[in-house]
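Read off the chains here:
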Amino acid sequence: MTQLPTPGATPAQPPPSEPIPAAAPPRPRWRETLGLLARNPTAAVSAVVLVLIVLVAVFDETLAPDGPNDQDPGRQLQPPSWAHPFGTDEFGRDVFSRVVLGAATSLRVGFLSVAFALVVGTLIGLLAGFYGRWVDDTLMRLMDVLFAFPAVLLAIAIVAIRGAGPANAILAIGIVYVPIFARVTRASVLGVREEVYVRASRSVGASDWRLITRHVLPNAAPPIIVQTSISLAFAVLAEAALSFLGLGPRRPNPSWGLMLADGRGFIEQAWWYTVFPGLAIVVTVLCFNLLGDGLRDVLDPRQRTLMAGGGR
Amino acid sequence: MVLAGVSVLVFSLIHLVRGDPIRLALGTRYSQETYDALRERSGLDLPLVEQYLTWAGRAVTGDLGVSFRSGETVTALIAERLPATLTLAVAALLVALVIALPLGLLSALHPRSFVDRLATVVSQFGISVPDFWLSIMLILVFAGTLGWLPSGGYVSLTEDPLGWLQRLVLPAIATGVVSGSVITRFVRSSTLEALGADHVRTAQAKGVPTRQVLTWHVLRNALLPLVTVTGVQLAYLLSGVVVVEIVFSWPGLGQLAYQAVRDRDFPVLQGAVLLFALVFLVINLLVDLLYSRIDPRISRS
Amino acid sequence: MTSLSKAPQPAAGPVLEVEDLRVRLRTPRGTAHVVNGLGYSVGPGETVAVVGESGSGKSVSVLALLGLLPPRTATVSGRALLHGEDLLTMSPERLRQVRGPGVGMVFQDPMTSLNPVLSVGRQLTEGLRAHGHVSKAAARARAVELLGEVGLPDPGRAVDRFPHELSGGMRQRVVIAIALANSPSLLIADEATTALDVTVQAQILDLVERLQTEHGTGVVWITHDLGVVAGIADRVLVMYGGRCVEDGTVDDVLERPAHPYTRGLLGALPDLAADDGGDLATIAGTPPPPTDLPAGCVFWPRCPVRGDARCETEQPPLAPVKGSHYRDKGTSGVPGEGQYRDEGTSGVPHRAATWCAEGSGS
Ligand SMILES: Nc1ncnc2c1ncn2[C@@H]1O[C@H](COP(=O)(O)OP(=O)(O)O)[C@@H](O)[C@H]1O
Ligand code: SF4
Ligand SMILES: [Mg+2]
């Protein structure tokens, strides 16, 4: 064939030479965003699954058939059955119940660490982008420094020093993702800052705070939202990794990463012990990633955010 | 500049420890002499700024202190482990590229085809799968059920080349899949972008054969930035290596760092963290240099 | 159908004959009817200027000829005969052979039309070597020569440069050189000299004229510049909403525009147009989106005349304009449908698609 394949994704753009009407800055319009998302089946399904996972985490004690440490003596390492859909572990505990109960740990650490990274990173990005000059230089160099460490290793080091446990895991994961939010926010701010209307309001004498809340934040929001979804995926992954390494919650608390670490020893006898908690992680992470991609298509067509996986 | 920041951060790691790091490391049974010797050797008795300068000064000359546990120099420990980690990282990168190039190119050249959909699904999964879980699953299937490959360990290349390769395959796959997925998506999107570029139309209008248009005007342009992305991924691979090494008992830096965490052997941890950061910075530097050589837009201006 | 043009070399038939060209593009907003039944022909050595506002389908209509529209989204129908051979149905390999020596195309945007990572020389020789056995050295020598012909200073060094090292005007000349490299029998120039200053532009126009006399090259020249139209065109085709709304000799169209749109473009109707120098005037309003064309006359939403009941409901056909000698014979104001007669001295009919052509007099 001589016809070159052409991107199916970009058919409708007007030829680049035609003057494009000066577009209003993309403000997130919630109704519209939700509507568009609903028309993106992958993202919509992911959102629904995520809501279900959150519900499971909230109502875990009601939903789990057994308590986290209820043992079924004589029924150790049983394959999946009606009584134990995900089988049992070496103490005869119900793997299904423990997977359900582990959701809360994963999500709590995930949400809180991303919240930390979001608040701190956005603040740093805002300051750097808005005030420029030495503020920008100092803060962004600092972010570069943080960025130079492999994410998991940095988190491990922080936990190693502060001691194991959920609070320190949150801090560790949060710190790792601060630079990403700072960069995304700063980039948005720089874009917005140049826009005519900001210059206009500045000359009228609007205060910095007003500028930030009225102009900069609403415009920086779309990429930040996308980044949040993607970062949640990696926070859940990182939490699992830390738990897997014994740097998260302590036994016998139910935790997906910890279950994988324990199940590893029984891999020859009991595949279900590692397969189901792992799938729980995969599904959660996958949904956050897919939702992030969907949100990006809707909110951030110019792709200002890192592609999923970029922050790993 | 970044390097100085990195060194300060690594240095301060030990001071963020709650309590006396040496006491923590030594546990309960140790002699006062051992304690004093360690304290002096690690310079922890000096004032902070002086400590940093001494530490940094020594670090520049390659002296990263001694292990609280074994008394060996950290540099020796790291030197011993570094080759294994680099081997694994490079192997993983190969795996990543072997997955990503064909998959990314095919899906861009045939958008919405079966390959494209497959690539999308595979890369989404690849990005979402925890590498340590993937490691376990690989062991379950290839070492357990199929019994084709050993479940871990390490033998040196010179002693047993086949054994070396057999032990390298699974960890390399486990580490490489994530990067492979990221690169697949990158290759796809940058090829799509290159395909839609105006200059491709100019090339077609010249009557140049399709194959030539694809190689010189699409792929060349699409793959130039791949150098950067691959470099960045190599740096990220090092992060993945840490956990995968532990699962496969691969005697690299990741394992060393993990062991140091368990033993509270802070100088070793510091050394390992510093080295990872160094490698990251060096890779980024090399990538920038390389890129500026191959992209005429940068090298000529 | 007989040739519309009086060719300078009557022996040879027209270089290009386009009949009922239609292009539909699939877009998220629905099907865009970008070109709707375009027909024209270009004789050897003849220059046809195509004018019209942005978005009227000029670029798409020429891209369609060479099969350069995205195949997944574009549907092209009609006929486009290059020396009697249909471009739209030819085999991919034949089309490849025709691109270059058969048809050379100069693209609209000089900034993006060149490959940023290949040297200028490489991009030129590539085209030369794709058509016949040319040694590397010979191709390079020819490339230097071509760059000199399009007026690039120091062509010997320019061949080894990369596009980003050249100014917009210089890049534009490189794009022109690429199109001329194989001495095409048809040259299509899409706003080719827009980025050039007047002297360079004159130089390029001279070069093209020479090519026309030496090779009998037919030229389709898309432009906004009325000066260029008046200077080089034999005939003018006015496009609006993917249609030809008026065509004829330069004199007929520029001096006796019949269609309200053309008159607007030319600034002939003061209430419709704001004249700005040599360029086409701007008309209030915007062209209809190709996804949503009006049911009647395409120009109806913006037309200040609307002098007929059918304006809103029925698309007027392209029909000969009643010239002054027609009026002498006392024919009515509305041209008869299907009525087809050469008129004037050039033998080229002056046609317009409007229900109320009034000729030049009013
Ligand atoms: N690839 C494309 N996909 C969808 N619509 C397009 C594409 N290219 C052009 N169009 C639309 O076709 C119309 C005509 O465009 P064009 O031929 O470039 O106009 P002109 O060259 O006369 O300015 C415009 O409305 C434009 O938006
Ligand atoms: S047909 Fe009617 S609406 Fe169309 S251009 Fe003529 S007068 Fe105007
Ligand atoms: Mg155009």
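Computed from a prediction, not measured in an experiment: that's the story for all the values here. (Residues numbered from 1 in each chain as written. Chains lettered and ligands numbered in written order. Predicted model: local features only at pLDDT ≥ 70, side-chain atom pairs only at ≥ 80, totals over all residues. Heavy atoms only, no water.)

1. Thoughts on the overall build of chain B
Note the cut-off: Comment: elements are numbered from the N terminus, with helices defined as DSSP H or I runs of at least four residues and strands as E runs of at least two. Using a 1.4 Å probe on the protein chains alone, a residue whose accessible area is under 20% of its type maximum counts as buried, one over 50% counts as exposed, and one in between counts as partly exposed. Note on areas: Shrake-Rupley, 1.4 Å probe, and residue coverage restricted to the protein chains presented here.
Looking only at helices and strands, one finds 14 helices and zero strands in chain B. Start at the N end of chain B and walk to the C end: the helices and strands fall as α-α-α-α-α-α-α-α-α-α-α-α-α-α. Counting only residues that meet the buried cut, chain B has 53% of its 301 residues in that class. Carbon and sulfur atoms make up 65% of the accessible area of chain B, which amounts to about 13,000 Å² in all.

2. Notes on the side chain of Ser113 of chain C
Rules: Between N or O atoms, a polar contact is any pair within 3.5 Å; within protein, one atom must be a potential hydrogen donor and the other a potential acceptor, and residues adjacent in sequence are included only when both atoms are from side chains. The contact criterion used is simple: two residues touch if any of their non-hydrogen atoms lie within 4.5 Å.
You can see Ser113 of chain C is positioned in the loop between β6 (103-106) and α3 (120-129). At 2.6 Å, the side chain of Ser113 of chain C forms a polar contact with the backbone oxygen of Asp109 of chain C. Beyond its immediate sequence surroundings of up to four residues, Ser113 of chain C is in contact with Asp198, His199 and Thr202 of chain B together with Phe107 and Val175 of chain C.

3. Notes on the UniProt feature "transmembrane region" (unreviewed entry) in chain B
Residues and elements named next belong to chain B. Formally: UniProt positions are given in the numbering used here, feature names are shortened, and annotations may be inferred rather than shown by experiment.
UniProt's feature table lists "transmembrane region" (unreviewed entry) at residues 86-109, 121-148, 168-187, 222-248 and 268-291, given in the numbering used throughout. Summarising residues 86-109: 100% helix, 0% strand, and an end-to-end C-alpha distance of 34 Å. Between the end C-alpha atoms of residues 121-148 there is a gap of 27 Å, over a span that is 82% helix and 0% strand.

4. What to know about the sheet that holds strand β4 (residues 74-82) of chain C
Residues and elements named next belong to chain C. Our working definition: Strand pairing is defined by DSSP finding a minimum of two bridges between the two strands.
Reading across from one edge, β2-β1-β4-β5 is the order of the four strands in this open sheet, with antiparallel pairing throughout. The outermost strands of the open sheet, each flanked by one partner alone, are β2 (30-42) and β5 (85-86). Relative to β4, strand β1 (residues 16-27) is paired through eight bridges, and the arrangement is antiparallel. Paired with Arg24 across the strands is Thr75, a residue of β4.

5. Looking at the packing of helix α11 (residues 226-247) of chain B against helix α12 (residues 253-263) of chain B
Residues and elements named next belong to chain B. Convention followed: Axis lines are fitted to C-alpha atoms, over the contacting stretch for helices. Their N-to-C directions set the angle, which ranges from 0 to 180 degrees. When an angle is under 35 degrees it counts as roughly parallel; over 145 it counts as roughly antiparallel; between 65 and 115 it counts as roughly perpendicular; any other value is oblique. Classification convention: Asp, Glu, Lys, Arg as charged; Ala, Val, Leu, Ile, Met, Phe, Trp, Tyr, Cys, Pro as nonpolar; all other residues, Gly among them, as polar.
Contact geometry of α11 with α12 gives a least axis separation of 7 Å together with a crossing angle of 80°. Classed by the angle they form, the pair α11 and α12 counts as roughly perpendicular. Counting all contacts with α11, which are made through Val242, Glu245 and Ile246, the residues of α12 involved are Leu253, Gly254, Gln255 and Tyr258. Per-class residue counts for the contact of α11 with α12 are four nonpolar, two polar and one charged.

6. Side note on the coordination of the magnesium ion (ligand 3)
Residue and element names in this part refer to chain C. Filter applied, for reference: Water is not part of the atom set, so a site may look incomplete; the donors themselves are N, O and S atoms within 2.8 Å of the metal, or 3.2 Å for Na, K and Ca.
Of the protein atoms, only Ser59 (OG) and Gln108 (OE1) coordinate the magnesium ion (ligand 3), at distances of 2.1 to 2.5 Å. Residue Ser59 is located in helix α1 (residues 58-65), and its partner Gln108 is located in the loop between β6 and α3; the two are separated by 49 residues in the primary sequence. The burial state of Ser59 is the same as that of Gln108; both residues are buried.

7. Quick look at the UniProt feature "domain: ABC transporter" (unreviewed entry) in chain C
UniProt records the feature "domain: ABC transporter" (unreviewed entry) for residues 16-266 of chain C in the present numbering. The span residues 16-266 of chain C carries 37% helix and 27% strand; its end-to-end C-alpha distance comes to 27 Å.

8. A closer look at the site of ligand 2
Condition: One heavy atom within 4 Å of a molecule or strand makes the whole residue count as near it.
Around ligand 2, 14 residues are found, and the nearest of them are Cys297, Cys303, Cys311, Thr354 and Cys356 of chain C. The residue makeup of the shell around ligand 2, split by class, is 10 nonpolar, three polar and one charged.

9. Topic: the sheet that holds strand β9 (residues 235-240) of chain C
All names here are of chain C. Pairing within the open sheet is mixed, and its eight strands lie in the order β6-β7-β8-β3-β9-β10-β14-β13. Strand pairing shows two members of the sheet lacking a second neighbour, β6 and β13 (319-320), which therefore form its edges. Of the strands in this sheet, β6 and β7 (186-190) touch helix α6 (residues 168-180), which is tilted by about 170° from β6.

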